Each structure stands twice: as C-alpha cells, then as structure tokens.
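Chain by chain, the residues:
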Amino acid sequence: STQFGKQSSLEKTGILTRYDVINRIEGGGSGKFEAWQLYGTLFYNAFTIRPHLLPNPNQIILGPNVASIAIHSRHTNSRTDGSNTAEEEACLRRLLTTIKSKKTVDTCAVYIMSDRKVTIKHLTEFSQHLGCHAISMQHVSNQDTSVISEHGPFQKADFIKDLALVSNAEDGLIGDIRLSSSTMLLREMMEYNNRGKGVTGRVETCPLGRRH
C-alpha cells in the first residue's frame, strides 16, 4: 500500500492517472465529484465537437424516471474478439438495482460504446432482454489494420461520435474507470453534462477488470 492507495495505477504501472489524482482529493465524495466536473469543464472549454458528429436528438432517451447507463467496453488485447460480455452484463444488472433503489424507474436506456462489433451486438441484445432501450452509434469501420490492432475498428470520428452519444447517460457508468483514459474522459463529460442539466447526485460506477 502507498499514499495513493493499494489499487493505484502508480503502483501497478508507474503512471499516475487522473483517477489517482482525484482519489487523493480531501473532503470525501463531494470534493471528488466536483473534480470530475472540473475535468469535464476543461474538456468542453478546450474542444468543440462538430455538429455532424453529434447524435440525433431522437436517439436520446432521458427523464426523471429513466435509468440511463453508459457502457464503455474497451479491449486492449487485439486477439480478444469481444464475445465475452459476462462482466458487463453483471455490472448492468448491479447498476440497475442500485439506481432503482434511489429513484422511481419506469424505463431504462443503455448507451453502448465499444471497440468490438460483437460486444455491441451482445450488449444490445442483453439490454433489450432486461427491458431497456439499447442505444449506439452507426459506425464507418476503419480498414487501417495498423490502427485496428490497437484501437479496434472505430476510431477517429467514430470515437468522438461515440463519446458525444454515450456521455448523455446520467445515472451510471460501466468501464475501466481506473486505467482507461477514454473511460475517465467519458465520466468527466457525464458529470459536466449532469451539472448543466441540473441532475443531482453522483454517477454510479461499476469497474471492468483488465481481462479486456
């Protein structure tokens, strides 16, 4: 154990991530909550997402009685085909139970972002099995194999389109929230967006392991 905590990225990789920095903030949950929002503010003030990359408003399903959850399933091993979604499914069940214990839920919307086509397919089917709306972007697959081996078929404009869509979720986030910079950015965008929409309370999270 170090001053950064037993599970810190610094211990494991020698790299101090934003997750570790935020976890060192004094003042408990409220201070950490505001830090995620501040990182989101920095992003939105530094970058503008072009209109043609934004989702169709008709795709967005939100409301006071909607449980909206973002899933970012990232695979770092190019040999992983993404067909094993058991961990994501368990997280989705867990977060839905948690959210339903905190507010009245009439319907649920699952915003799906992944670098594997089969993962999106499986999570879409599982979300619908749970009675939720499954929402994801249409992609133009990149055929550059040198890029695909590291980032999967959906990068560049497709990655920004995914972020712009999935960051609309308000209640929960499933992903590698400790080591994936993309998942950290997604959380920052969600916290910032929630503040702008007047949504109170923190985003519930369920971390995915490093098997990806």
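Any two packed helices are characterised by how steeply their axes cross, that is the angle between the axes, and by the distance between the axes. As a packed pair, helix 4 (residues 86-100) and helix 5 (residues 117-129) sit with axes 11 Å apart at the nearest point and diverge in direction by 30 degrees. The orientation of helix 4 with respect to helix 5, classified from their angle, is roughly parallel. Classified by chirality, the crossing of helix 5 by helix 4 is right-handed. Taking contact as the criterion, the partners of Glu-88, Glu-89, Leu-92 and Arg-93 in helix 4 are, on helix 5, Leu-123, Phe-126, Ser-127 and His-129. Split by residue class, the contact of helix 4 with helix 5 holds three nonpolar, two polar and three charged.

For the rest of this paragraph, the subject is the nonpolar core. Within the largest apolar cluster, 22 residues are counted, with the highest numbers of intra-cluster contacts made by Ala-70, Tyr-111, Leu-173, Leu-186 and Met-190. Those elements that provide at least two residues to this core are strand 1 (66-73), strand 2 (107-114), helix 7 (157-166) and helix 8 (181-197). Apart from the residues within four sequence positions on either side, Met-190 is in contact with Ala-70, Ser-167, Ala-169, Glu-170, Gly-172, Leu-173 and Val-203. Counting 18 residues, the second-largest nonpolar core is a separate cluster that includes Ile-71, Leu-92, Cys-108 and Val-110.

Glancing now at the confidence of the model for the protein chain. Residue-level pLDDT values for the protein chain average 82, and 75% of them are 70 or greater. When pLDDT is averaged over each helix and strand of the protein chain, the minimum, 46, is found for helix 1 (residues 9-13) and the maximum, 98, for strand 3 (residues 133-135). Confidence over residues 1-11 falls short of pLDDT 50; this stretch has 21 contacts with residues more than four positions distant or in other chains. This model gives residues 144-150 a pLDDT under 50, and the stretch forms eight contacts once residues within four places in sequence are excluded.

What follows is about the sheet that holds strand 1. Strand order in the open sheet formed by five strands is 3-2-1-4-5, with parallel pairing between adjacent strands. Each having just a single partner strand, strand 3 and strand 5 (204-207) make up the two edges of the open sheet. Averaged over neighbouring strand pairs, the angle between their axes works out to 20 degrees when direction is ignored. Note that strand 4 (residues 172-175) and strand 5 share four bridges and pair parallel. Across the sheet, Ile-174 pairs through a bridge with Cys-206, a residue of strand 5. Across the sheet, helix 7 is in contact with strand 1, strand 2 and strand 3; its angle to strand 2 comes to roughly 160 degrees.

At a closest axis distance of 9 Å, the pairing of helix 7 and helix 8 adopts a crossing angle of 40 degrees. Here helix 7 is positioned oblique relative to helix 8, judged by the angle of their axes. Between helix 7 and helix 8 lies a crossing of right-handed hand. Of the residues in helix 8, those touching helix 7 at Phe-159, Leu-163 and Val-166 are Ser-182, Leu-185, Leu-186 and Met-189. Split by residue class, the contact of helix 7 with helix 8 holds six nonpolar, one polar and no charged.

A few words now on helix 8. Under the 1.5 Å per step criterion, the end-to-end length of helix 8 is 24 Å for 17 residues, consistent within 8% with the ideal 24 Å. Among the 17 residues that make up helix 8, 12 are buried, leaving the element largely enclosed by the rest of the structure. For helix 8, the complete set of buried residues consists of Ser-182, Thr-183, Met-184, Leu-185, Leu-186, Arg-187, Glu-188, Met-189, Met-190, Glu-191, Asn-193 and Asn-194. Once helix 8 ends, the next one or two residues include Gly-198, with phi positive near 80 degrees.

What follows covers the state of the cysteines. Using the criterion set out here, one finds two disulfides in the structure. A disulfide bridge connects Cys-91 with Cys-206, and the sulfur atoms are separated by 2.1 Å. Judged by the sign of its S-S torsion, about -70 degrees, the cystine formed by Cys-91 and Cys-206 is left-handed. Of this pair, Cys-91 sits in helix 4 while Cys-206 sits in strand 5, and the two are 115 residues apart along the sequence. Judged by relative accessible area, which is 2%, Cys-91 ranks as buried. The class of Cys-206 is buried, set by a relative accessible area of 1%. Linked covalently through their sulfurs, Cys-108 and Cys-132 form a disulfide whose S-S length is 1.9 Å. Where Cys-108 bonds to Cys-132 through sulfur, the torsion about that S-S bond is close to -95 degrees, and the disulfide is left-handed. Here Cys-108, found in strand 2, pairs with Cys-132, found in the loop between helix 5 and strand 3; they are 24 residues apart in sequence, far enough to count as distant. Of the two residues examined, Cys-108 and Cys-132, each falls in the buried class.

Calculation rules
Chains are numbered independently. Their residues run from 1 in the order of the written sequence. This being a predicted model, a pLDDT of at least 70 is required before a residue's local features are given, and a value of 80 or more before pairs of side-chain atoms are given or counted; all residues contribute to the totals for chains, interfaces and linings. Computation of side-chain values: all heavy atoms of the structure, hydrogens and water removed. For helices, the axis comes from a line fit to the C-alpha atoms of the stretch in contact; other axes are also lines fit to C-alpha atoms, and the angle between any two N-to-C directions lies between 0 and 180 degrees. We count a stretch as a helix when DSSP gives it H or I for four or more residues in a row; a strand needs E for two or more, and each element gets its number in order from the N terminus. Orientation is classified from the angle alone, with under 35 degrees giving roughly parallel, over 145 giving roughly antiparallel, 65 to 115 giving roughly perpendicular, and any other angle giving oblique. Rotating anticlockwise by less than a right angle from the far helix to the near helix defines a left-handed crossing, while the corresponding clockwise rotation defines a right-handed one. Two residues qualify as a contact provided that any one of their heavy atoms is within 4.5 Å of a heavy atom in the partner residue. Residue type decides the class: Asp, Glu, Lys and Arg count as charged, Ala, Val, Leu, Ile, Met, Phe, Trp, Tyr, Cys and Pro as nonpolar, and the leftover types, Gly among them, as polar. Side-chain atoms within 4.5 Å are what join buried Ala, Val, Leu, Ile, Met, Phe, Trp, Tyr and Cys residues into a set we call a nonpolar core. Burial classification: accessible surface area is computed with a 1.4 Å probe over protein chains only, and a residue below 20% of its type maximum counts as buried, one above 50% as exposed, and the rest as partly exposed. Confidence scores labelled pLDDT are given residue by residue by the predictor and lie between 0 and 100. Paired strands, as defined in this entry, are two strands with at least two bridges between them according to DSSP. Expected helix span is taken as 1.5 Å per residue step, with the number of steps being one fewer than the number of residues. Pairs of cysteine sulfur atoms within 2.5 Å are identified as disulfides in what follows.

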